[in-house]
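The chain contents come next:
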Amino acid sequence: MNCWENEMEQKFDISDYHRLKFLGKDAEEILPLLLDHMTAGVGLFEMTDTIHALYLNQAFFDCIGYTKEAYACNINDIYATLYPEDVSGFANAISMLCPQKENISYSLRGYRQDGSLGWFDIQGVAVDNHISDNPLYLVVVHDITQQKEAEDRIQELNRLNAELLLQEERYHILEATTQGVLFEYFPDKDTMVFSYNLPNNKKRREVPNYQDYLKHSPMVHSEHIKMFKEALQKACMTETEGDLEYLSTVSGGGYRWTATHYKSVAGPDGRILSVMGRICDIHDSKMEKERINYRAEIDGLTKVYRKDIAFEKMEELVREAPNSRYYFIILDLDDFKQINDKYGHQYGDEVLKDVSSSLQSTFAENAIIGRFGGDEFIVLTKDLSLEDIRMRLKISQMTTSYCAGIAPWNANSTSQSVFQIADKAMYQVKSSGKNGIAYMEE
């Protein structure tokens, strides 16, 4: 090599393709060898109304997950293998770039031979077409599915992280402004954190080993602890949101009615990270509501249920425990009109109060008692024998004279039919005398 040639060699970078001139005609043999052994998919495509493949190397088939034979039916319409939602955007890009012979750079989804969906990166450059006027592109294809899935996971993690940060910020705002108690329970640590914002209490309290704490602490009333634990357990298993009303000492002092709104927050793997919420004291409003309901349900004079409410309670009791034994009683005071006429209505009211009190002490918690009207009372007993009922009524009749009719009430009975039978039994007593008891079945 002479000095001039050495000088020319120095002008070209080691990666300059002009150095391949030394291959001469051997380049035509070496080029297929290079293309067949490349790891990237390479194709030559003619761009018409569709995309027509003129050449595809083996790496192209490996990249898109097809065998050469299976892909043969698609070489005249590459769009057929692409994800439908991506075709329109890709076709628009091709129609804009190809007439100007501009480079193509696009990422899209396509179906593999097994039906799975993959992401593919397409980089194409225009080359001269010596056969037709259609644009001709040399394209390199890479499978970027793993990269895209990783990006999606990162994006989802970022979204969840932003959401958690927002939740945390909301929690801090609520903690500072909400009148009441905020809480956050961490299932992994079994730790409950209470944040108090009460007039005389602005503390933050952390309770470790919370599940064990619930077993020994009177924080939740024994009647409500099962419901409370079930709600917490459910919230720790799956994302959920709900409300509870229960008796609690969480605000200090004795038991008071509280309302809790709670929500569980899950991480990207679906595992519950925390259960957070707000606890409000609703004791005064709850008591007022119960007082209103009590006044609506209870007879003001005798302090037993009004007639309609009594029948509703009786029907509900039978419906909830249909296999128990029930007896319905109706009783009518003897000579009550004469009592009112002789001693006055105020004295008569005292007699009705005494009868009501006597019935409540006679049957205690084993019955529902109501005032049917005037001097008549109704009773539904549960799980008492007929003999026991007769004995209790006779004891009661030692201080108050009345006629009583008894009828059985089973799950198939109606309140109307049972009342008619008991009423008929009571009038049997009235027709034969006073201060008696009669039993009648259908």
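Everything below is about the structure printed above this text.
Small disclaimer: the values here were computed from a predicted structure and weren't measured.

Student: Which parts of the structure should I look at to understand the pattern of salt bridges?
Tutor: Any two side chains of opposite charge can pair, so long as their charged atoms come close to each other. All told, the structure shown has 14 salt bridges when counted by the stated rule. Across the pair Lys-286 and Glu-245 runs a salt bridge whose closest N-O atoms are separated by 2.9 Å. Residue Lys-286 is found in helix 9 (residues 283-297), and its partner Glu-245 is found in strand 9 (residues 241-248); the two are separated by 41 residues along the sequence. Among the ionic pairs, Asp-332 bridges to Lys-430, the shortest N-O distance being 3.3 Å. Highlighted residues: Asp-332 in strand 13 (residues 326-333) and Lys-430 in helix 14 (residues 415-432), separated in sequence by 98 residues. Within the structure, one salt-bridge network assembled from shared partners comprises Asp-188, Asp-269 and Arg-271.

Student: Help me understand the sheet that holds strand 13 in this model?
Tutor: By definition, the strands of a sheet pair up through backbone hydrogen bonds, in either a parallel or an antiparallel sense. With mixed pairing, the 6 strands of this open sheet are ordered in space as 12-14-15-13-16-17. Pairing within the sheet leaves two strands with one partner each, and these edge strands are strand 12 (305-306) and strand 17 (437-439). Here strand 13 runs beside strand 16 (residues 402-409); their pairing, made up of 8 bridges, is antiparallel. Across the sheet, residue Leu-331 finds its bridge partner in strand 16, namely Ala-404.

Student: For this particular structure, what's the right way to read the pairing of strand 3 (residues 104-111)?
Tutor: Side-chain positions along a regular strand alternate between the two faces of the sheet. Pairing of strand 3 with strand 4 (residues 117-127), which is carried by 8 bridges, proceeds in the antiparallel orientation. Its bridge partner being in strand 4, Arg-109 is matched across the sheet by Trp-119. In sequence, strand 3 turns back onto strand 4 through a hairpin of 5 residues, with Gly-115 there showing a positive phi of about 90°.

Student: For this particular structure, what's the right way to read the packing of aromatic side chains?
Tutor: The description of two aromatic rings rests on the distance between their centres and on the angle between their planes. In the structure shown here, the tally under the stated rule is 19 aromatic pairs. Summarising the aromatic geometry, the rings of Phe-45 and Phe-60 are spaced 6.1 Å apart at their centres and angled 55° between planes, so their arrangement reads as tilted. One end of the pair, Phe-45, is in strand 1 (residues 41-47); the other, Phe-60, is in helix 3 (residues 58-64), with 15 residues separating them in the sequence. Classification of Phe-45 as buried rests on a relative accessible area of 5%. Its relative accessible area of 4% is what places Phe-60 among the buried residues. Judged by centre distance (6.2 Å) and plane angle (45°), the ring pair of Phe-194 and Tyr-196 falls under tilted. Accessibility expressed as a relative area gives 8% for Tyr-196, which makes it buried. Through successive ring pairs, a cluster of aromatic residues spans Phe-45, Phe-60, Phe-61, Tyr-66 and Tyr-71.

Student: So what exactly am I meant to see when it comes to the packing of helix 11 (residues 336-343) against helix 12 (residues 345-363) here?
Tutor: Relative placement of two packed helices is described by the angle separating their axes and the distance separating the axes. As a packed pair, helix 11 and helix 12 sit with axes 7 Å apart at the nearest point and diverge in direction by 140°. One way to sum up the angle between helix 11 and helix 12 is to call them oblique. Across the interface between the two elements, Phe-336, Ile-339, Asn-340 and Tyr-343 from helix 11 touch His-345, Tyr-347, Gly-348, Val-351 and Leu-352 from helix 12. Grouping the constituent residues of the contact of helix 11 with helix 12 by class yields 6 nonpolar, 3 polar and no charged.

Student: Is there a simple way to explain unusual backbone geometry in this structure?
Tutor: The general pattern is negative phi for most residues beyond glycine and trans for most peptide bonds. Not every positive phi belongs to a glycine, and Lys-101 is a case in point at roughly 55°. Positionally, Lys-101 belongs in the loop between helix 5 (84-97) and strand 3. Unusually for a residue other than glycine, Asn-435 sits at a positive phi of about 50°. Its location among the elements puts Asn-435 in the loop between helix 14 and strand 17. Looking at Asn-435, the relative accessible area reads 31%, which means it is partly exposed.

Student: Where do I start with the packing of helix 12 against helix 13 (residues 386-396) in this structure?
Tutor: It is the contact of helix 12 with helix 13, at a shortest axis distance of 10 Å, that shows an interaxial angle of 145°. Helix 12 and helix 13 meet at a crossing whose hand is right-handed. Together, Ser-358, Thr-362 and Phe-363 of helix 12 and Ile-389, Arg-392, Leu-393 and Ser-396 of helix 13 make up the contact between the two elements. For the contact of helix 12 with helix 13, the class distribution of residues is 3 nonpolar, 3 polar and 1 charged.

Student: In this structure, what is going on with empty space enclosed by the protein? I would like to understand it.
Tutor: Where empty space is left in the structure can be found by rolling a water-sized probe over the atoms. Within this structure, the stated rule accounts for 2 cavities of 30 Å³ or more. What the largest cavity holds in volume is close to 260 Å³. Around the largest cavity, the lining is made up of 20 residues, and of these Phe-60, Ile-78, Leu-82, Ile-122 and Val-141 lie nearest the centre. Counting only elements with at least two residues in the lining of the largest cavity, the list comes to strand 1, helix 3, helix 5, strand 3, strand 4 and strand 5 (136-143). Per element, the largest residue contribution to the lining of the largest cavity is 4 residues, and it comes from strand 3. For the lining of the largest cavity, the class distribution of residues is 18 nonpolar, 2 polar and no charged. Counted as a void, the second largest cavity has a volume near 140 Å³.

Quick notes on the rules
- Residues numbered from 1 in each chain as written.
- Predicted model: local features only at pLDDT ≥ 70, side-chain atom pairs only at ≥ 80, totals over all residues.
- Heavy atoms only, no water.
- Salt bridge = Lys/Arg side-chain N within 4 Å of Asp/Glu carboxyl O.
- Helix = DSSP H or I, 4+ residues; strand = E, 2+ residues; numbered from the N terminus.
- Pairing = 2+ DSSP bridges.
- Phe/Tyr/Trp six-rings, centres within 6.5 Å; stacked < 30°, edge-to-face > 60°.
- Buried < 20%, exposed > 50% of the residue type's maximum accessible area, 1.4 Å probe, protein only.
- Axes fitted to C-alpha atoms, helices over the stretch in contact; angles between N-to-C directions.
- Parallel < 35°, antiparallel > 145°, perpendicular 65-115°, else oblique.
- Contact = heavy atoms within 4.5 Å.
- Nonpolar A, V, L, I, M, F, W, Y, C, P; charged D, E, K, R; others polar.
- Left-handed = near helix turned anticlockwise from the far one by under 90°.
- 1 Å grid on protein atoms, 1.4 Å probe; cavity = no way out; pocket = protein on both sides within 12 Å on 5 of 7 lines; lining within 4 Å.
- Points joined across faces, edges and corners; volume = space filled by probe spheres on them.

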